[in-house]
Amino acid sequence: MSVETNEMGFLDHLEELRWRIVKILVALITGTAFSFGFIDPIIQFLKEPAAQASQTIRFQTLTVQGMFLVKWFIAIFAGFVISMPVTIYQIWRFVSPGLRVNEKKYIIPVVFFSFTSFIVGASFGYYVIVPFSLEFFSSMGQGIVENNYSISYYFSFLGWLIIGSGLLFQMPVVSLLLSAIGVLTPPFMRHYRRHSIVVILILSSFITPPDPVSMLIMSAPLMVLYKISIWVSWIVNYRREPV
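This report concerns the structure included in the present document. Please read these numbers as outputs of a predicted model, since none were measured by experiment.

Side note on the pattern of salt bridges
For the structure on display, the rule yields three salt bridges. Two residues, Arg-20 and Glu-16, come together in a salt bridge whose shortest N-O distance is 2.7 Å. A residue pair is termed a helical-turn pair when its members lie 3 or 4 positions apart in one helix, as Arg-20 and Glu-16 do in helix 1 (residues 2–36) at four residues. On the basis of relative accessibility, which here comes to 11%, the residue Arg-20 falls in the buried class. Note that Asp-40 is salt-bridged to Lys-71, the shortest N-O span being 3.4 Å. Residue Asp-40 is found in helix 2 (residues 39–51), and its partner Lys-71 is found in helix 3 (residues 66–82); the two are separated by 31 residues along the sequence.

Side note on the nonpolar core
Of all hydrophobic cores here, the largest spans 46 residues; its most connected members are Leu-46, Ile-74, Phe-155, Leu-158, Ile-162, Met-218 and Leu-222. Contributions of two or more residues to this core are made by helix 2, helix 3, helix 4 (84–95), helix 6 (107–138), helix 7 (151–168), helix 8 (171–180), helix 10 (193–207) and helix 11 (212–240). Sequence-distant contacts of Leu-46, defined by excluding residues within four places in its chain, comprise Ile-74, Phe-77, Tyr-126, Tyr-154, Phe-155, Leu-158 and Ile-162.

Some details on helix 8
Every α-helix winds through 3.6 residues per turn, so residues three or four apart in the chain are directed the same way. Along helix 8, the positions that sit buried rather than exposed are Pro-172, Val-173, Ser-175, Leu-176, Ser-179 and Ala-180. Looking down the long axis of helix 8, one finds its buried residues gathered within 160° of arc, a one-sided arrangement. Directly beyond the C-terminal end of helix 8, a positive phi value near 85° is found at Gly-182.

Rules of the game
Residues numbered from 1 in each chain as written. Predicted model: local features only at pLDDT ≥ 70, side-chain atom pairs only at ≥ 80, totals over all residues. Heavy atoms only, no water. Salt bridge = Lys/Arg side-chain N within 4 Å of Asp/Glu carboxyl O. Helix = DSSP H or I, 4+ residues; strand = E, 2+ residues; numbered from the N terminus. Buried < 20%, exposed > 50% of the residue type's maximum accessible area, 1.4 Å probe, protein only. Core = buried A, V, L, I, M, F, W, Y, C linked by side-chain atoms within 4.5 Å. Contact = heavy atoms within 4.5 Å. Arc of directions from axis to C-beta.

This is how it looks when you write it as structure tokens:
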């Protein structure tokens, strides 16, 4: 009898997960449709780093349906950003049953903190990593070849850097969530601080273009964020301790 109850509890858990995923997808589709209505201004905004490069950069589409696919890619990209608060909220609601009553009241600050961290990280990628990368790589062919880039490749390159930067800046939020459910503690994070530097360098190398300067530029704020994550973990664990 107890086995059946456990099985039902597990199935209920899967049902809850399914509905959370459905709500996230609905938010993503809604955000994508909304973004497509403003797709031309968004494209102009994303082309701005290339326009500010010292070397002339021209774009071209290499297939008949190329621009159509590019517009939908950018719409999904923007829809993902717009739906971030809903995504974070649904993830928090999924894990919240395992939290104490006094910890559940932090749901709104967590959603705001996570979305803000993502925007800061995405802005760092757009205003720092992308211009530096374009300037560095476009200058490699100076006086030899023209910088005629595929528009689809440019936007996938841009999206990878911006989304990747935004996700990496979620480190303090992940620390908060894992600390809230008792997985992370400040002593654990301090003990593996040196290991974290290696992990940060590896993650930065995946996100940034293959040059050491971009990797170091990305690694510097991540190391600061790791220290902030330790501080966040300390606050959460301090509040979890019984009075």
